[in-house]
Amino acid sequence: MLKKMGNSDRPTTTAEPIPFLDLAAQQARIKEGVDARIQAVLAHGQYIMGPEVAELEAALCDYTGARHCITCANGTDAILLALMALGVGEGDAVFVPAFTFAATAEMIPFAGAVPVFTDIDPRTFNMDAASLARCVAHARDEGLRPAAVIPVDLFGLPADYDDLGRIAAEADMRVVADSAQGFGGVHKGRRAGTLGDITTTSFFPAKPLGCYGDGGALFTDNDEWADLLRSMRFHGRGADKYDNVRLGMNSRLDTLQAAILLEKLTVFDEELVARQLLADRYTAALSDRVTVPHVADGLSSAWAQYTVRLPDGVDRRALRECLAERGIPTNVYYPTPMHRLSAYADHPCDPAGLRHSEEAAATVLSLPAGAYLGSDAFDHIVSTLLAHT
Ligand SMILES: *Cc1c(COP(=O)(O)O)cnc(C)c1O
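Residues numbered from 1 in each chain as written. Predicted model: local features only at pLDDT ≥ 70, side-chain atom pairs only at ≥ 80, totals over all residues. Heavy atoms only, no water.

### A look at the layout of surface pockets
If you add up the space inside the largest pocket, you get close to 520 Å³. Together, 28 residues line the largest pocket, and Phe101, Gln181, Phe204, Lys207 and Tyr334 are the ones closest to its centre. Those elements giving two or more residues to the lining of the largest pocket turn out to be helix H3 (75-85) and helix H4 (103-110). When the residues that make up the lining of the largest pocket are grouped by side-chain class, the tally is 16 nonpolar, 9 polar and 3 charged. Mapping the lining of the largest pocket onto the domain boundaries places at least three of its residues in each of domain 1 (7-22 + 268-387) and domain 2 (28-265). Taken as a whole, the second largest pocket spans an internal volume of roughly 270 Å³. Around the second largest pocket, the lining is made up of 20 residues, and of these Asp121, Thr124, Ala159, Asp160 and Ala296 lie nearest the centre. Every element with two or more residues in the lining of the second largest pocket is listed here: helix H5 (129-141) and helix H6 (161-170). (1 Å grid on protein atoms, 1.4 Å probe; cavity = no way out; pocket = protein on both sides within 12 Å on 5 of 7 lines; lining within 4 Å. Points joined across faces, edges and corners; volume = space filled by probe spheres on them. Helix = DSSP H or I, 4+ residues; strand = E, 2+ residues; numbered from the N terminus. Nonpolar A, V, L, I, M, F, W, Y, C, P; charged D, E, K, R; others polar. Domains from an automatic or database assignment.)

Take a look at the structure:
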């Protein structure tokens, strides 16, 4: 049995708005343990790189099966640290899907390299392998060296690591898995954290495993990259912190956040089960009316979001307003594909175009989800959606 799971006894009326993600319910469930963990940090006072940081890194290695876990300040820094450790820089092309959160591409120009936008598979919203292959050829034509690909586990679903990995290997590129939304996902028996040469994740509060502030981590099986990452997150430290042997950053995970994450990890697997159950119920209830998420055999999603695609002719803005009036919050992740954002408009794209990314941006809708959405809320969401699509 899942202890204190769900809020089915709490009535959901139109007067009581449904939370998009009920972090308060989770906090109520784990409050005692979190309080004790926080008090322990206040008592020992090692706020930076205290013992909870190493304890969390060991726990996350255990959980994912990765050989090394290196925590850092957030999921965006994690991507920059990965590119730095891999030596990505001037003249390099790094391939990212056009349909993602901007942070996936943001650090590539920072590292001195050029982001190249690939299209997505319209069924999974994840990077399309054929598009990656076209983009690699295109980058070479532009005089760039293909250096790395950053597949994204969008909405929690692991990317197509088999086909993408094959193309990466052929082009002698590294795979940096952006599992900011994918922590907890499984790809053919292997957990997120082990699916790229280096995997990055985020502990932003709304991610599948979130802390109470910013946080992130990197995973790798490679000893050399792990050593570089440990140095680079800490001002490029060598044998000690005042022996700076390379350029780095200040990107450590706070001890307090590590302590909170250790407590959250104790309920994480039960939450994954609850999120899967909710996704299954949404899919069963909605699949006749909207395009529901597709999860291929052998994969499981961490369900960072439950995102449907609206059919032609449904006015998304009007639908969202109608749902909001009935106490149902929704979100559009993401309304604009990367290549249409002004900060990223000048970068190379798939020469065949980015049609699926554009269509996804125009039609997606993310519904209230998470492990703590009650049955009454679920029924209200489904019946309202069915009545208005
Ligand atoms: C959240 C997110 C990031 C960045 O993580 P932060 O911890 O917020 O910096 C990167 N990529 C994707 C796909 C994300 O969803």
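The discussion continues.
### As for the domain arrangement of the chain
Taken domain by domain, the chain comprises domain 1 (7-22 + 268-387) and domain 2 (28-265). Computed over C-alpha atoms, the centres of domain 1 and domain 2 are 24 Å apart. With 41 residues of domain 1 in contact, the opposing surface of domain 2 contributes 46 residues. A combined buried area of about 3,700 Å² lies between domain 1 and domain 2, and 62% of that area is made up of carbon and sulfur atoms. Broken down residue by residue, the surface that domain 1 buries against domain 2 is led by Phe268, Tyr334 and Met338, which jointly contribute 20%. Seen at the junction of domain 1 and domain 2, the total is 3 salt bridges. The residue Arg29 makes a salt bridge to Glu270 at a minimum N-O spacing of 2.3 Å. (Contact = heavy atoms within 4.5 Å. Buried area = accessible area lost by both parts, 1.4 Å probe. Salt bridge = Lys/Arg side-chain N within 4 Å of Asp/Glu carboxyl O.)

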